[in-house]
Amino acid sequence: MLAVIGTIPDPAMPVTEGPAALGRGGLSVAELEIAPDRGTPALLGAACAACGVLGLPAPFAFLVGDEGRGHGSRELYRHLVDVLPRRSLSTLAFHYLLPDVMWHDKVLFAVNEMHPRPRLIADAGFMYAAKMSGQATAYDLFTPDAGELAFLADEQAPHPFYTRGFILHDGNRVPDLIRRAYDGDNAAACLLVKGSTDHVADRTGVLFTVDSPNEAAMEAMGGTGDTLTGTVAALIESGRDVSDAARIAARTNRLAAKLAQPTPASRISEIIACIPQALTLALAEEAQ
Amino acid sequence: MGFLDRLRKKAPSAPPASKADRGLLIFENTSEVIRAEKALKAAGFPVKVVGPPPEVRRGCDLAVEYPLIEGLNILRLLADSGAPPLDAIPVTGPLLTPVDLYHVKDFGDYLMVRAANMKITVEKATGVIVNVSGGGCPDVPYLAARLIGLRLDEAPSPREIGHTLCGYALGLAFEEMQRRCSQ
């Protein structure tokens, strides 16, 4: 089963776990209704939609409220360290969590006690922690955007906020930054770099690029990276090779945007609603 | 059991965690260090007094080690306590400075500004913030919910209501957007 791990911006929400469901009324976890408007709920909404198309059980969610002070993230880290070694989960997608190296390392130890060891996806804050800890290579997939790729490529930066200008500069090409990230062992086994052109890469270099259809407004919309990560997580859970899953997910996210016809002011729920149709189209293309 | 056996049977332990998520607060004198440590510990932050590396030593020879990611919250608390530091730097990269490059994209009716990993998009005609994206710290969804739908001149600054370095980066993008929209 796929599990999604992250936060929602409500500090009153305790650690909550359970299967997620996406219905007409929105997203729910353990009978708690959550708007899939951005962040981890957007990832979870996309994963639910994709799992439905792929014939998979709905993803399992580990959530906590945290508006940035870190208390909720640390409660969730503590919970994961306690329960993960006894759980049977085949894919874990870590998302918006306060980056904390000590807790990252404890969670990774707990994951290493799971049998069989699940495939690991890290995005957002947990990806930052994975890089900071020096254990990026323990992961199967990172899903950075352009700013985050520059952070991975800068072996000195502890957070994207400190990425050095000569690396962050527009003139740097994505393949060069990917190479630099791997040279520093600061990348997962596979990278899905989100951008005007999506790049799927591993240590040997760029494997695939996906650039159509192109809806420019996606770059400005909050949550388009989250829906991509949710879709690739479901495809990995379906048993596909990670790089193939990344390519299909990138195409799916773009097709969903084309179907939704967003503006820079659109909400991510409009994209999530189109994921079932988009993934069905992308899978049909793959089958040809 | 002999001494060597006890050594051999010692349980393996995890290597010490990287200090990449720690920062140093540099102060003018020791009394400011003590005041800052007291204020931060009272607020529940895991901080400790350490000796800073020689290349960043200014003022006194003590510094406060703090959780780097929570820097925005911590700097605001120290400013409110009357104990602002001379500088705040990453432990593993004391010479690193915050981003100062902005990426700007014009969508016609909308303008987007990115600072580091954070993006903010505004409708040109009204100055209304229509989207916030990027980032990875948990205050990003919170900040998005607080900002979207408000005009730039009525929205709270992310630097005032955010908590993390992502919030700080969004604050830089917000200020750059304000600067561009006021021209």
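Residues numbered from 1 in each chain as written. Chains lettered and ligands numbered in written order. Predicted model: local features only at pLDDT ≥ 70, side-chain atom pairs only at ≥ 80, totals over all residues.

A short note on the pairing of strand E3 (residues 63-67) of chain B
Residues and elements named next belong to chain B. Counting buried positions over the five residues of E3 gives four, a clear majority of the element. In this structure, strand E1 (residues 22-26) lies alongside E3, joined through five bridges in antiparallel fashion. Counted as the bridge partner of Leu24 is Glu65 from E3. For strand E2 (residues 48-50) and E3, the ladder comprises three bridges, and the chain directions are antiparallel. Looking at the pairing, Val49 lines up with Val64 of E3. (Buried ≥ 20, exposed ≤ 12 C-beta atoms within 10 Å, placed from the backbone. Helix = DSSP H or I, 4+ residues; strand = E, 2+ residues; numbered from the N terminus. Pairing = 2+ DSSP bridges.)

Quick notes on the nonpolar core
Ala47 of chain A together with Ala169 of chain B are the most contacted members of the largest nonpolar core, which totals 157 residues. Built from parts of two domains, this core gets at least three residues from each of domain 1 (22-90) and domain 2 (102-181) of chain B. When sequence neighbours within four positions are dropped, the list of residues in contact with Ala47 of chain A reads Leu2, Val4, Pro59, Gly230, Ala233 and Ala234 of chain A. (Core = buried A, V, L, I, M, F, W, Y, C linked by C-beta atoms within 7 Å. Domains from an automatic or database assignment. Contact = placed C-beta atoms within 7 Å.)

What about the confidence of the model for chain B?
As a general rule, the predicted coordinates of low-pLDDT regions are not to be interpreted in detail. All names here are of chain B. Residues at a pLDDT of 70 or more form 91% of chain B, whose mean pLDDT is 88. For chain B, helix H1 (residues 3-8) is the element with the lowest average pLDDT, namely 48, and strand E7 (residues 118-123) is the one with the highest, namely 96. Across residues 6-12, confidence stays below pLDDT 50; counting only partners more than four residues off in sequence or on other chains, it has one contact. Interface confidence in the predicted complex, given as ipTM, is 0.91; pTM for the same model is 0.92. (pLDDT = per-residue confidence, 0-100.)

Notes on unusual backbone geometry
Residue and element names in this part refer to chain A. In this structure, the amide linkage connecting His115 to the following residue, Pro116, adopts the cis form with an omega of -10°. Among the secondary structure elements, Pro116 is positioned in the loop between helix H3 (101-112) and strand E7 (119-122). In this structure, Pro213 follows Ser212 across a cis peptide bond, with omega equal to -10°. Looking at the secondary structure, you find Pro213 in the loop between strand E11 (205-210) and helix H8 (224-237). Even without being a glycine, Ala30 presents a positive backbone phi close to 50°. Relative to the elements of secondary structure, Ala30 occurs in the loop between strand E3 (26-29) and strand E4 (32-34). A positive phi angle, near 50°, is found at Gln261, a position not held by glycine. For Gln261, a count of 11 C-beta atoms within 10 Å translates into the label exposed.

Side note on the domain arrangement of chain B
Many structure descriptions define interface size as the accessible area lost when the parts assemble. All names here are of chain B. If you check the domain split of chain B, you get domain 1 (22-90) and domain 2 (102-181). For domain 1 and domain 2, the distance between their C-alpha centroids amounts to 28 Å. On the side of domain 2, eight residues touch domain 1, which itself brings five residues to the contact. Of the residues that constitute the side of domain 1 that touches domain 2, the class distribution is two nonpolar, two polar and one charged. (Nonpolar A, V, L, I, M, F, W, Y, C, P; charged D, E, K, R; others polar.)

Some details on H8 of chain A
All names here are of chain A. With 14 residues, H8 ought to run about 20 Å at 1.5 Å a step, and its terminal C-alpha atoms sit 20 Å apart, in line with that. In terms of burial, H8 is a largely internal element, 14 of the 14 residues being buried. Remark: Gly239 follows H8 within two positions and exhibits a positive phi of approximately 105°. (Expected span 1.5 Å × (residues − 1).)

What about the sheet that holds strand E4 (residues 87-90) of chain B?
Across a sheet, paired strands are connected by hydrogen bonds in the backbone, their directions being either parallel or antiparallel. All names here are of chain B. Strand order across the open sheet formed by four strands is E2-E3-E1-E4, with antiparallel pairing between neighbours. Unpaired on one side and paired on the other, E2 and E4 mark the two borders of the sheet. The sheet shows a mean angle of 35° between the axes of neighbouring strands, direction not considered. Against the sheet, helix H2 (residues 30-42) makes contact with E1, E2 and E3, and its axis sits at roughly 25° relative to E3, the strand it touches most. (Axes fitted to C-alpha atoms, helices over the stretch in contact; angles between N-to-C directions.)

Side note on the interface of chain A and chain B
Counting residues at the interface gives 51 residues for chain A, matched by 49 residues for chain B. If you list the elements that add at least two residues to the side of chain A that touches chain B, you get H3, helix H4 (124-132), helix H5 (146-153) and helix H6 (165-168) of chain A. Top element by residues in the side of chain A that touches chain B is H4 of chain A. It accounts for five residues. Here the side of chain A that touches chain B is composed, by residue class, of 25 nonpolar, 15 polar and 11 charged.

Focus: the packing of H8 of chain A against helix H9 (residues 242-260) of chain A
Residue and element names in this part refer to chain A. Packing of H8 against H9 leaves a shortest axis separation of 8 Å and a crossing angle of 135°. By the angle class used here, H8 and H9 are oblique. By crossing handedness, the relation of H8 to H9 is classed as right-handed. Of the residues in H9, those in contact with Thr224, Thr227, Leu228, Thr231, Val232, Leu235 and Ile236 of H8 are Val242, Ala245, Ala246, Ile248, Ala249, Ala250, Thr252 and Asn253. Per-class residue counts for the contact of H8 with H9 are 10 nonpolar, five polar and no charged. (Parallel < 35°, antiparallel > 145°, perpendicular 65-115°, else oblique. Left-handed = near helix turned anticlockwise from the far one by under 90°.)

With respect to the sheet that holds strand E6 (residues 91-94) of chain A
Residue and element names in this part refer to chain A. Strands sit in the order E4-E3-E2-E5-E1-E6-E7-E8-E9-E10-E11 across an open sheet of 11 strands; the sheet is mixed. Taken across any chain shown, the strands that pair with only one partner, and hence form the sheet edges, are E4 and E11. Where strand E8 (residues 141-142) lies against strand E9 (residues 190-193), two bridges are found, and the strand directions are parallel. Within the sheet, the bridge partner assigned to Leu141 lies in E9 and is Cys190.

Considering helix H11 (residues 275-287) of chain A
Residue and element names in this part refer to chain A. Taking 1.5 Å per residue as the helical rise, H11 with its 13 residues ought to reach 18 Å, and the 18 Å between its terminal C-alpha atoms agrees with that figure. Three or more residues of H11 are buried, namely Ile275, Ala278, Leu279 and Ala282. Down the axis of H11, the buried side of the element spans an arc of 95°, and every buried residue falls inside it. More than 90 degrees from the buried face of H11, the exposed residues found are Thr280, Ala284 and Ala287. Looking at the buried side of H11, the elements it contacts are helix H1 (39-54), H8, H9 and helix H10 (268-272). (Arc of directions from axis to C-beta.)

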